[in-house]
Amino acid sequence: MSKTALIVGVAGQDGSYLSELLLSKGYNVHGIVRRNSVSENQDSRIRGMGITTHYGDILDTPSLIRIFREVNPDEVYNLGAQSHVRISFDIPEFTIKTNGLGVLNILEACRALGNPNLKIYQASSSEMFGNTVDDDNYQRKSTPMNPTSPYGCAKVLGYNLVRHYRTAYNMHACNGILFNHESPRRGTNFVTNKIIKGAVEIKKGLRNELALGNLEAYRDWGHSKDYVRAMHLILNAEKPDDWVVATGQSRSIRDMCEVTFNLLGMDYKDYVTTDAKYMRPHELNYLRGDSSEIREKLGWKPEYTFESMVGEMVNHWMEKL
Ligand code: F7E
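Residues numbered from 1 in each chain as written. Predicted model: local features only at pLDDT ≥ 70, side-chain atom pairs only at ≥ 80, totals over all residues. Heavy atoms only, no water.

## What about the sheet that holds strand β2 (residues 28-33)?
Moving on, step 1. Taken together, seven strands build an open sheet; the order of strands is β3-β2-β1-β4-β5-β6-β11 and the sheet is parallel. Every other strand in the sheet has two partners, leaving β3 (52-55) and β11 (242-245) as the edge strands with one partner each. Adjacent strand axes in the sheet meet at a mean angle of 20 degrees when their direction is disregarded.
Moving on, step 2. Of the strand pairs in this sheet, strand β1 (residues 4-8) and β2 are connected by five bridges, and their pairing is parallel. Residue pairing for β2: A5 is matched across the bridge by V29.
Moving on, step 3. Sitting on the sheet, helix α6 (residues 150-169) touches β5 (119-125), β6 (172-178) and β11, and the angle it makes with β6 is about 150 degrees. (Pairing = 2+ DSSP bridges. Helix = DSSP H or I, 4+ residues; strand = E, 2+ residues; numbered from the N terminus. Axes fitted to C-alpha atoms, helices over the stretch in contact; angles between N-to-C directions. Contact = heavy atoms within 4.5 Å.)

## Examining the packing of helix α5 (residues 92-113) against α6
Moving on, step 1. Where α5 contacts α6, the two axes come as close as 8 Å, and the packing angle between them is 15 degrees. Our classification of the angle between α5 and α6 gives roughly parallel. The two elements α5 and α6 cross, and the hand of that crossing is right-handed. Of the residues in α6, those touching α5 at P92, T95, I96, N99, G100, L101, V103, L104, L107, E108 and R111 are P150, Y151, C153, A154, K155, L157, G158, L161, V162, Y165 and Y169. (Parallel < 35°, antiparallel > 145°, perpendicular 65-115°, else oblique. Left-handed = near helix turned anticlockwise from the far one by under 90°.)

## Here's the deal with α5
Moving on, step 1. Taking 1.5 Å of rise per residue, the 22 residues of α5 would be expected to cover 32 Å, and the 31 Å separating its terminal C-alpha atoms lies within 8% of that figure.
Moving on, step 2. The largest bend in α5 comes to about 35 degrees, at L101.
Moving on, step 3. Every buried residue of α5 is listed here: T95, T98, N99, G100, G102, V103, N105, I106, L107, A109 and C110.
Moving on, step 4. Positioned one or two residues after α5, G114 has a phi angle of 65 degrees, which is positive. (Expected span 1.5 Å × (residues − 1). Bend = angle between axes of the 7 residues up to and from the residue. Buried < 20%, exposed > 50% of the residue type's maximum accessible area, 1.4 Å probe, protein only.)

## Some thoughts on the pairing of β1
Moving on, step 1. Of all five residues in β1, five are buried; the element is thus mostly enclosed.
Moving on, step 2. Because side chains alternate across β1, one face comprises the buried residues T4, L6 and V8, and the other comprises A5 and I7, equally buried.
Moving on, step 3. On the question of chirality, the crossover connecting β1 to the parallel β2 by way of helix α1 (residues 13-24) is right-handed.
Moving on, step 4. Relative to strand β4 (residues 75-78), β1 runs parallel, the two being bridged by four bridges. Looking at the pairing, V8 lines up with N78 of β4. (Right-handed = clockwise from strand over helix to strand, strands pointing away.)

## Some points on the side chain of N193
Moving on, step 1. Counting through the fold element by element, N193 comes out in helix α7 (residues 191-203).
Moving on, step 2. N193 gets classed as buried once you look at its relative accessible area, which sits at 0%.
Moving on, step 3. Excluding residues that lie within four positions of it along the chain, N193 makes contacts with S183, P184, R186, G187, T188, G198, M313 and W317.

## With respect to a nonpolar patch on the surface
Moving on, step 1. A surface patch of nonpolar side chains, amounting to about 370 Å² of accessible area, comprises L59, I91, F94, L101 and L157.
Moving on, step 2. Of note, L157 is situated in helix α6. (Patch = residues over 30% accessible without salt bridge, like charges linked within 9 Å, V, L, I, M, F, W, Y side chains within 5 Å. Areas by Shrake-Rupley, 256 points an atom, 1.4 Å probe, with all protein chains shown as cover. Salt bridge = Lys/Arg side-chain N within 4 Å of Asp/Glu carboxyl O.)

## Points about the packing of aromatic side chains
Moving on, step 1. Summed over the entire model, instances satisfying the criterion amount to seven aromatic pairs.
Moving on, step 2. A ring pair is formed by F129 and F179, whose centres lie 6.1 Å apart and whose planes are at 35 degrees; its orientation type is tilted. You can see F129 sitting in the loop between β5 and α6 and its partner F179 sitting in the loop between β6 and β7 (181-182), a full 50 residues away along the chain.
Moving on, step 3. You can call F179 buried: its relative accessible area is 1%.
Moving on, step 4. Between the NZ or CZ atom of K194 and the centre of the ring of Y278, over which it lies, the distance is 3.3 Å. (Phe/Tyr/Trp six-rings, centres within 6.5 Å; stacked < 30°, edge-to-face > 60°. Lys NZ or Arg CZ within 6 Å of the ring centre and 35° of its normal.)

## Some details on the packing of α7 against helix α9 (residues 253-263)
Moving on, step 1. The interhelical angle for the contact between α7 and α9, taken along N-to-C directions, is 35 degrees, at an axis separation of 10 Å. For α7 against α9, the interelement crossing comes out right-handed. Residues V191, T192, I195, I196, A199 and I202 of α7 lie in contact with α9, whose contacting residues are I253, M256, C257, T260 and F261.
Moving on, step 2. Grouping the amino acids of the contact of α7 with α9 by side-chain chemistry returns nine nonpolar, two polar and no charged. (Nonpolar A, V, L, I, M, F, W, Y, C, P; charged D, E, K, R; others polar.)

Structure follows, in structure tokens:
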């Protein structure tokens, strides 16, 4: 009999790729979407895929209890969050509630189902590490967590709740500590898609410059398609655990500008400006993840390289604009 997956936050970049992956594996896929005043925005990434959507919200426990009962899933993926780090400084309370207490609500809704075989995946984040780096310049599961944003603080709460529920109630609950992951479906207010879309617009004569924030931060960027494969592997590992998913390569925002503009035959220095409004009150300067454990034990490895990912995103915008 085919398995049933319930994806909380299904309408986002990762939700859409994860849906495709699970459908290709024969799952019945259900997803929770939040009401949006522009209904086309609600499901633009997942329309026509063949998944069943339900209106709900991770801060609305009655909706969770109702949907979880109706769907009776084998696997729950919590990808629901206020996912923008800089915006978390503007709406800290909402971010902490959604990304922290929201996880508690999901865990309680799962516990109420009373199914000992239910598997739960929590989207934890490299933002939890903040500016702590091990002596070898990597972050890993054992690296102390010192978050530098309301987003990161809330993610640490969610991470710890998952570990706590795993031990206290013997639940198959896992954390994937995912480093940045991008794709053409990434929101255009995240730096990769902002740079790539902006550079293509400049190439096509639609604008003259691109204003960014801190160009000196470093990120470990992978592709969302590779990372949703990791989510499925993590959930289906024999024992519930916490895993780091990363490429192990770190590049600066400046590098991202250089590679993108070069691909389009331009020099980023002619077009990129900086604007204080994109700076953060507290910056996370450097991310580079050690994912050797998931590679060795679960056989995960990324298929995309940094260059093939940027190339795919550039082609997407060249065709779309
Ligand atoms: O920023 C710098 C910015 O917003 C990356 C989320 O998926 O990954 C993501 O969080 C870097 C930062 O992603 C602009 O200061 C410069 O250093 O693309 P981002 P993020 O904050 O790393 C983690 C793992 C998550 O979990 C999050 O949910 O780029 N930067 N100029 C800029 N960033 C933005 N957004 N816009 C700029 O103009």
